[in-house]
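Working through the structure, step by step
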Amino acid sequence: MSEPPLSVVRTVADLRAHVRTWKARGERVGFVPTMGALHEGHLSLVRLARERADHVVASVFVNPTQFGPNEDFDAYPRTEARDAELLASAGCELLFAPDVAEMYAPGFSTTVTVAGVSEPLDGAARPGHFAGVATVVSKLLMQAAPDVAVFGEKDYQQLQVIRRLVRDLDIPVEIVGGPTARAPDGLALSSRNAYLSVEERAAAPALARALTAAAEQLRAGAAVDQTEAQARAALEAAGFRKIDYVEVRAADDLARLGPGPVAAPARILAAAFLGRTRLIDNIAV
Ligand code: AMP
């Protein structure tokens, strides 16, 4: 089967030149930002973008400013040649793969911070993370100037932070959330799953199982505080070493819910470590 050609550009000027050509013809542009080490989850977002646009641009940029000092920036997997093949097979025509100097020129001084929605959960567990995400995503959206940009529900809080910043800064783009792609045993696909040992990989589906069970209990009218405690106990029993959070939150602004039953659209979100690998997942209630 012949795949459409994929062009790789490394500068903002070249990215803009491609997008300008398409827009001059009145064609719609979709955009999928990633950090690479692509898997089926990323590719499902590319296909979703392809359904909503004439051309899909993906970016691969491991953004240093969203990693904490003791996190895995240096170890993060970098597999650009394979990523390019996968992107082409999913219908992406342009890969933007800048180096750090292209994104952060000497003297770079601007940070985008989103109050409220970026403060709890991963915002509390990973100080500075969402400022790094909000800043790089703001830049990427202004660089690529897409009509539609697709982000995964896998990173649900990130998706809500991006929805907020696009509204607040009047960035003219439609934000679409794509469902979480999972392994057959339920584990959410993640580039970080590659860090798991055989034993840890076997234990990992307990995270999705605990959240699914909790969501069912909440739908049946269980109280938030008891459901969170049970999910936490299930994770501990499965061998999760450190649990950053297991919390039920409002689906839109991630405000705290409970302690009683939920009455509005909600999301249960968790982050926990198996060995040294931090896994996150979330499920709609
Ligand atoms: P990352 O490369 O981890 O920064 O992720 C890039 C984009 O892919 C983000 O919008 C993620 O939410 C999304 N993504 C990551 N894993 C999955 C998955 N399992 N299913 C759907 N989207 C995902």
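A quick note: this is a predicted structure, and the numbers were derived from the prediction, not measured.

Reading guide: rules and limits
Residues numbered from 1 in each chain as written. Predicted model: local features only at pLDDT ≥ 70, side-chain atom pairs only at ≥ 80, totals over all residues. Heavy atoms only, no water. Axes fitted to C-alpha atoms, helices over the stretch in contact; angles between N-to-C directions. Helix = DSSP H or I, 4+ residues; strand = E, 2+ residues; numbered from the N terminus. Parallel < 35°, antiparallel > 145°, perpendicular 65-115°, else oblique. Left-handed = near helix turned anticlockwise from the far one by under 90°. Contact = heavy atoms within 4.5 Å. Nonpolar A, V, L, I, M, F, W, Y, C, P; charged D, E, K, R; others polar. Near = heavy atom within 4 Å. Polar contact = N/O pair within 3.5 Å; in protein donor to acceptor, adjacent residues only side chain to side chain. Areas by Shrake-Rupley, 256 points an atom, 1.4 Å probe, with all protein chains shown as cover. Domains from an automatic or database assignment. Buried area = accessible area lost by both parts, 1.4 Å probe. Salt bridge = Lys/Arg side-chain N within 4 Å of Asp/Glu carboxyl O.

It is at 9 Å that the axes of helix H9 (residues 206-219) and helix H10 (residues 224-237) come closest, and there the two elements cross at 160°. Judged by the angle between their axes, H9 and H10 are roughly antiparallel. Once H9 is placed against H10, the crossing between them reads as right-handed. Residues Ala206, Leu207, Ala210, Ala214, Gln217 and Leu218 of H9 form the contact with H10, whose participating residues are Val224, Thr227, Gln230, Ala231, Ala234 and Leu235. Its residues assigned to classes, the contact of H9 with H10 comprises nine nonpolar, three polar and no charged.

On to the site of the ligand. Taken together, 17 residues surround the ligand, and among them Met35, Gly152, Asp155, Ala181 and Leu189 come closest. Measuring from an oxygen atom of the ligand, one finds a backbone N or O atom of methionine 35 at 2.9 Å. In this structure, alanine 181 approaches the ligand through a main-chain N or O atom, which is 2.8 Å from a nitrogen atom. The fraction of the free accessible surface of the ligand (490 Å²) that becomes covered by protein chains is 93%. Those elements that provide at least two residues to the shell around the ligand are strand S2 (29-34), helix H2 (40-52) and strand S5 (148-152). At three residues, H2 tops the list of elements feeding residues into the shell around the ligand.

Segmentation of the protein into domains returns domain 1 (7-178) and domain 2 (191-284). Taking only C-alpha atoms, the centre of domain 1 and the centre of domain 2 are 26 Å apart. Buried area between domain 1 and domain 2, both sides added, is near 1,600 Å², and the carbon and sulfur share of it is 53%. The largest per-residue losses of area from domain 1 upon contact with domain 2 belong to Leu121, Lys154 and Tyr156, which jointly make up 38% of the total buried on that side. For the interface between domain 1 and domain 2, the tally reads three salt bridges. Its salt-bridge partner being arginine 192, residue aspartate 72 comes within 2.9 Å of it at the nearest N-O pair. Looking at the side of domain 1 that touches domain 2, the elements that each hand over two or more residues are helix H5 (122-125) and helix H7 (156-168). In terms of residue count, H7 provides more of the side of domain 1 that touches domain 2 than any other element does, three residues in total. Considered class by class, the residues forming the side of domain 1 that touches domain 2 number 10 nonpolar, five polar and six charged.

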